[in-house]
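Fold and contact review
So the chains spell out like this:
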Amino acid sequence: MIQAQKGTKDILPEDSSTWQMMEKNALTIFNNANFKEIRTPIFEATELFARGVGDSTDIVNKEMYTFEKSERSITLRPENTAGVVRAYIENGLHRQTPPVKLWYKGPMFRYERPQAGRQRQFHQIGVEMFGSTEAISDAECIYTAIKYLNSLGLNDLDVEINSLGCPKCRETFRNKLKALIKPDLDKYCEDCKVRYEKNPLRILDCKNPQCNELLNTPDIQNLINTDFICDECAEHFSELRRYLDELQVKYSVNKQLVRGLDYYNRTVFEIKSNNLGSQNAVCGGGRYDGLVEMLGGPPTPAIGWAMGMERLYSLIEKQNPPKLDVFVVSDNPLKALKLCEELRNKNISCDFDYGARKFKKQFEKAAKLANFAFVLGEEEIENNTITVKNLTSSHQETMPKAEAIAKFC
RNA sequence: GCGGGUAUCGUCAAGCGGUCAAGACCUCGGAUUGUGGUUCCGAUAUGCGUGGGUUCGAAUCCCACUACCCGCCCCA
């Protein structure tokens, strides 16, 4: 027996109403806020992710599904920001009046050990906004995420924000941090030694107790807690905070929030739930003002976020699959099919029994699947009538066919 | 890459070395021929993840393998 691959899952019919609800809410909320949907390919040139996501990230170093085809190196997208940026540049979307607001949803692929809230193929839904540095766009971006989550019935969530500063102030901070870490570098974990060279900020994110201990010196804590970012970035951040306050968004500032992707600068944020187990982030995002230019486009500020749909799914209340409007009960399958088609053309959902089984069996099935039964037996066929039975109240009535159909239009 | 756990019908699940591998749900059929959601009856694993071994005898004990799940790391 061939099984689904490790870390992949079938989304079964019983789950589909819930998934459709997630998608429907996204469509209305994002459309209303002038986000346009974009769909990019599921595979891209490996180099796009190596450069776009960053070669110091775990995603690029050990989690990509990469293969060679016709001497090209191809990778299944591990996230969608790099792909959207590529499409933005390639299709000249930067010629449109800014800001350009996009949203997407679709499967992503990361080769990791699966566990609760983590699969190898999973789905993300996200937004990207290009062309504005204004803090108000950061605020709208975060607000849109919260609004979407609320629409799914998720209100008990923790929003954390931080500012990483711009490349300039980050450089200063980075050097100061490296200087403070250097004397004890050999005591840090292997990962952190690599991070020290490639992306020292990520050391702040390390979960290793030993490293945490080492970071817990007055000098380092002082550096983290003193605003290391430049005046301009600080102003941007406080502006954002003011906007969020005005929008009555509850958040906390987490100075150690760094995010694992290299492209972020200034604003970063995460939205977490306590009901998820250890993979507790439902949403992560931030500003990436340098990425468009780095991938060959004109200098363009941008900000975005992504949510893990499977994580959302496990948090939201499951939707019951909707019942059919009508189930046709008949001992003449062909006539039943024809009646069904007539109903379907009028946008009435319906089905019938292929086996011309006993009416008892057909009613059993009707009650399970539909709100109404249309009985089309010999008598009804002869008189061109239908017996309409309300399966909730058990009330039934025979009437001309046209009248029965009209009742549902 | 490193820890821990579990594998019995489509699903949940009992079984702890000895007649035919409980039970429940689902599905299908029946309870005098066209009316359901209640009730009653019946059907449905020569099979207990795979391969070895121990034993007169194994789903039950031992070994190996495989798969999946959970945690670390990281991320959504």
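Computed from a prediction, not measured in an experiment: that's the story for all the values here. (Residues numbered from 1 in each chain as written. Chains lettered and ligands numbered in written order. Predicted model: local features only at pLDDT ≥ 70, side-chain atom pairs only at ≥ 80, totals over all residues. Heavy atoms only, no water.)

**With respect to empty space enclosed by the protein**
In total, this model carries one cavity of 30 Å³ or more according to the counting rule given. Taken as a whole, the largest cavity holds about 60 Å³ of empty space. Lining the largest cavity are Asn162, Leu164, Phe173, Leu201, Leu204, Ile224, Phe228, Lys255 and Val258. Looking at the lining of the largest cavity residue by residue, the classes come out as seven nonpolar, one polar and one charged. (1 Å grid on protein atoms, 1.4 Å probe; cavity = no way out; pocket = protein on both sides within 12 Å on 5 of 7 lines; lining within 4 Å. Points joined across faces, edges and corners; volume = space filled by probe spheres on them. Nonpolar A, V, L, I, M, F, W, Y, C, P; charged D, E, K, R; others polar.)

**Observations regarding the sheet that holds strand β3 (residues 65-69)**
Spatially, three strands are ordered β2-β4-β3 in an open sheet, and the strand pairing comes out antiparallel. Because the sheet does not close on itself, it has two edges, and the strands there are β2 (43-45) and β3. Averaged over all pairs of adjacent strands, the angle between strand axes in this sheet comes to 35 degrees, irrespective of strand direction. As paired strands, β3 and strand β4 (residues 72-76) are joined by five bridges and run antiparallel to one another. (Pairing = 2+ DSSP bridges. Helix = DSSP H or I, 4+ residues; strand = E, 2+ residues; numbered from the N terminus. Axes fitted to C-alpha atoms, helices over the stretch in contact; angles between N-to-C directions.)

**Thoughts on the pairing of strand β12 (residues 324-330)**
Buried residues dominate β12, accounting for five of its seven residues. Two elements, β12 and strand β14 (residues 370-376), share six bridges in a ladder whose sense is parallel. Note that in β14 the partner of valine 326 across the bridge is phenylalanine 372. In this sheet, strand β13 (residues 350-352) lies alongside β12 in parallel orientation, the contact comprising three bridges. Residue pairing across strands places phenylalanine 327 opposite aspartate 351, the latter belonging to β13. Each parallel crossover has a hand, and the one from β12 via helix α13 (residues 333-345) to β13 is right-handed. (Buried < 20%, exposed > 50% of the residue type's maximum accessible area, 1.4 Å probe, protein only. Right-handed = clockwise from strand over helix to strand, strands pointing away.)

**As for the environment of lysine 198**
As for its placement among the helices and strands, lysine 198 is situated in helix α7 (residues 190-198). Each C-alpha atom, one on lysine 198 and one on aspartate 262, is 9.9 Å from the other, the two residues being 64 residues apart in sequence. Ignoring anything within four residues of it in the chain, the contact list for lysine 198 reads Asp55, Ser56 and Arg174. (Contact = heavy atoms within 4.5 Å.)

**Let's talk about unusual backbone geometry**
Cis peptide bonds are those with omega within 30 degrees of zero, and the linkage from proline 98 to proline 99 qualifies with 0 degrees. Along the chain, proline 99 turns up in the loop between α4 (81-90) and β5 (100-109). For arginine 266, which is not a glycine, the phi torsion comes out positive at approximately 45 degrees. Position of arginine 266 among the secondary structure elements: in strand β9 (residues 265-272).

**Some thoughts on the packing of helix α5 (residues 135-151) against helix α10 (residues 231-246)**
Taken N-terminus to C-terminus, the directions of α5 and α10 make an angle of 45 degrees; their axes are 8 Å apart at the nearest point. Considering their axes alone, α5 and α10 lie oblique with respect to each other. In terms of crossing hand, the pair formed by α5 and α10 is right-handed. Here Ala135, Ile136, Asp138, Ala139 and Ile142 of α5 lie close against α10, whose contacting residues are His236, Glu239, Leu240, Tyr243 and Leu244. When its residues are assigned to classes, the contact of α5 with α10 shows seven nonpolar, one polar and two charged. (Parallel < 35°, antiparallel > 145°, perpendicular 65-115°, else oblique. Left-handed = near helix turned anticlockwise from the far one by under 90°.)

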